[in-house]
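Letter by letter, the chains look like this.
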Amino acid sequence: MFAWYWLADLCQDHQIPFALGHALGMKHIHGAKTKTDKIDAAKLAALLRGGLFPVGYVYPRARRQTRDLLRRRSFFVRQRAQLLTHVVNTNTQFNLPPLTKKLTYAANRTTDLVDRFSDPSTRLAVTADLGLIDGYDQQIAELERHLVRHAKVDDPVTFGLLRTVPGIGPILGLTLLYEIDTIARFPEPGNFLSYSRLVRCVHASAGKAKGSGPKKVGNAHLKWAFSEAACLMLRSCLPVKSWMQRQARKKGKKKALSILEAKIGRCVYHLWKKQVPFDVKRFLNG
């Protein structure tokens, strides 16, 4: 992945035109029996000449490292969650009384938790998990402070507007800000929703639907962000919760939640493009 980063920066430094090909699009186009570098280069040149080259987005150098740091923070959070799960599963494995307090909070991870276990090896394993969790807490908090400071410099207005949407806090706002980069690269809301994995692409022939496209084409980080935003919005916004209940009665809970995710995605698109804050009435009536 970083090879093309280096090549793109090198071309930019020397003012050489650079075109990034979409890997999946290239795979679908190439179907020759013989495959060599010479044949591939000729095909790519023909695609460029004919305007059929599947172009990928070259993320700007200025924000690239901040986006990668944000993704690294997400990796640390997942590792921390695995450690927390291991502690809870170990407690269940030994048939001990269930933990009544959430271990995500440092105040609940006391020495009493380790004292539950009598076996020395188990105690050491749990102690190691808790030590790593404390280390992750410190590192994640430091990364989040750094990322918020950068967001307030890179695009403070958009970052503030994103956070006006119920359910979108600092972390989801950062994810949207740095994964999208600029909303102008999407000509229509449908393009943005497709990139965010919020809509399915229909396959049709002779006027009849023949299924849909693959689910995992697009940005996985945006799909996660909108899924989280939908669940958090239902907790914090009563009008949306009432709307969700009506939709769930008509179409089922799963389908209604997917509709809400796409609705939030469309809201973020217009909010960003028009630089206006969130309006719950327009959101529900749109």
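Because the structure is a prediction, the values reported are computed rather than measured. The residue count restarts for each chain, going from 1 along the sequence in the order it is written. Under the rules for a predicted model, residues below a pLDDT of 70 receive no local features and side-chain atom pairs below 80 are neither given nor counted, while totals for whole chains, interfaces and linings still include all residues. Excluding hydrogens and water, the side-chain figures rest on all heavy atoms present in the structure.

> Go over the nonpolar core, please, and point to the residues and values.
Each nonpolar core is a collection of buried residues, namely Ala, Val, Leu, Ile, Met, Phe, Trp, Tyr and Cys, held together in the definition by side-chain atoms within 4.5 Å. Type-normalised accessible area, obtained with a 1.4 Å probe on protein chains alone, sets the label of each residue: buried when under 20%, exposed when over 50%, and partly exposed for intermediate values. Within the largest apolar cluster, 44 residues are counted, with the highest numbers of intra-cluster contacts made by Leu174, Leu176, Phe192, Met233, Leu260 and Ile264. Considering every element that reaches this core, the biggest residue donor is helix H12 (residues 253-274), with 9 residues. Contacts are assigned to residue pairs that have any heavy atoms within 4.5 Å of one another. Excluding anything up to four places from it in sequence, Leu260 contacts Ala230, Met233, Leu234, Val240, Trp243, Met244 and Phe283. Formed by 10 residues, the second largest nonpolar core is a distinct cluster that contains Leu84, Leu103, Val114 and Ile133. Only DSSP runs of H or I with at least four residues qualify as helices, and only runs of E with at least two residues qualify as strands; both kinds are numbered from the N terminus onward.

> So what about a nonpolar patch on the surface? Which residues, and what values?
Only residues whose relative accessible area exceeds 30% and that form no salt bridge are eligible for patches; like-charged ones are grouped when within 9 Å, while nonpolar side chains (Val, Leu, Ile, Met, Phe, Trp, Tyr) are grouped when within 5 Å. Surface exposure here means Shrake-Rupley accessible area, sampled with a 1.4 Å probe, where a residue is shielded only by the protein chains that are shown. In what follows, salt bridge is the name for a side-chain nitrogen of Lys or Arg lying within 4 Å of a carboxyl oxygen of Asp or Glu. A grouping of Trp6, Leu7 and Leu10 is seen on the molecular surface, where their side chains present a nonpolar patch of about 310 Å² in accessible area. In this fold, Leu10 is placed in helix H1 (residues 2-13). Overall, Leu10 belongs to the partly exposed group, its relative accessible area being 33%.

> Tell me what's going on with helix H8 (residues 170-180), and back it up with residues and numbers.
In terms of burial, H8 is a largely internal element, 10 of the 11 residues being buried. If you check which residues of H8 are buried, you get Ile171, Leu172, Gly173, Leu174, Thr175, Leu176, Leu177, Tyr178, Glu179 and Ile180. Residues of H8 that are buried sit in contact with helix H4 (61-93), helix H6 (120-154), helix H7 (156-162), helix H9 (189-195), helix H10 (220-236) and H12. Backbone geometry just after H8 places Asp181 at a positive phi near 70 degrees.

> I'd like to hear about a positive patch on the surface, residue by residue, with values.
Taken together, the side chains of Arg246, Arg249, Lys250, Lys251 and Lys255 define a basic patch exposed on the protein surface. No other element matches helix H11 (residues 238-251), which puts 4 residues into the positive patch. Positive charges are assigned to Lys and Arg, negative charges to Asp and Glu, while His and the chain termini are left out of the count. Charge coordinates come from a single atom per side chain, which is NZ of Lys, CZ of Arg, CG of Asp or CD of Glu.

> Could you give an account of the pairing of strand E1 (residues 202-205), naming the residues involved and the relevant values?
The sheet contact formed by E1 and strand E2 (residues 208-212) spans 3 bridges and is antiparallel. Residue pairing across strands places Ala204 opposite Ala209, the latter belonging to E2. Note on pairing: two strands pair once DSSP finds at least 2 bridges between them. What sits between E1 and E2 in their antiparallel hairpin is a turn of 2 residues, with Ala206 showing a positive phi close to 55 degrees.

> Account for the side chain of Asp129, naming residues and giving values.
Secondary-structure assignment places Asp129 in helix H6. Despite being buried, Asp129 has no salt bridge partner; Arg109 is the closest side chain of opposite charge, sitting 11 Å away. Within the structure, Asp129 has its side chain in polar contact with the side chain of His86 (distance 2.5 Å). Residue contacts for Asp129: discarding those within four places in its chain leaves Leu83, His86 and Val87. Two N or O atoms form a polar contact when they lie within 3.5 Å of each other; inside protein one atom must be a possible hydrogen donor and the other a possible acceptor, and for residues adjacent in sequence the pair counts only when both atoms belong to side chains.

> Could you give an account of the packing of H10 against H12, naming the residues involved and the relevant values?
Two numbers describe how H10 lies on H12: the axes approach to 9 Å, and their chain directions differ by 105 degrees. Taken together, the axes of H10 and H12 lie roughly perpendicular to each other. Along the contact surface, H10 presents Lys223, Phe226, Ser227, Ala229, Ala230, Met233 and Leu234, while H12 presents Leu257, Leu260, Glu261, Ile264, Gly265 and Val268. Each residue is assigned to one class: nonpolar for Ala, Val, Leu, Ile, Met, Phe, Trp, Tyr, Cys and Pro, charged for Asp, Glu, Lys and Arg, and polar for all the others, Gly among them. Of the residues belonging to the contact of H10 with H12, the class tally is 9 nonpolar, 2 polar and 2 charged. As a rule, the C-alpha atoms of each element are fitted with a line to give its axis, helices using only the stretch in contact, and angles between N-to-C directions run from 0 to 180 degrees. Note on angle classes: values under 35 degrees are labelled roughly parallel, values over 145 roughly antiparallel, values of 65 to 115 roughly perpendicular, and the remainder oblique.

> Quick one: what's the story with the packing of aromatic side chains, residue by residue and with numbers?
We call Phe, Tyr and Trp rings a pair once their centres come within 6.5 Å, taking the six-membered ring for Trp, and we label the pair stacked below 30 degrees between planes, edge-to-face above 60, and tilted otherwise. Tallying each qualifying case throughout the model produces 9 aromatic pairs. Taken together, a centroid distance of 6.3 Å and an interplanar angle of 85 degrees make the contact between Tyr57 and Tyr59 edge-to-face. With relative accessibility at 31%, the residue Tyr57 sits in the partly exposed group. Residue Tyr59 is classed as buried on the basis of its relative accessible area, which comes to 2%. Centroid distance Phe278 to Phe283: 5.4 Å. Interplanar angle 50 degrees. Geometry classified as tilted. By the burial criterion, Phe278 is buried, and Phe283 matches it. Only when the NZ of Lys or the CZ of Arg is both within 6 Å of the ring centre and within 35 degrees of the ring normal is a charge said to sit over the ring. Over the ring of Tyr59 we find Arg67, and its NZ or CZ is 4.4 Å from the ring centre. In this structure, Lys263 packs its charged tip against the face of Phe283, placed 5.7 Å from the ring centre.

> Outline the state of the cysteines, supporting the account with residue identities and numerical values.
Cysteine sulfurs are considered disulfide-paired once they come within 2.5 Å of each other. Counting across every chain of the model gives 0 disulfides. Here Cys231 is not disulfide-linked; the sulfur of Cys237 is the nearest cysteine sulfur, at 14 Å. Since its relative accessible area comes to 8%, Cys237 is described here as buried.

So far we have only geometry, and geometry alone does not tell us how the molecule works.
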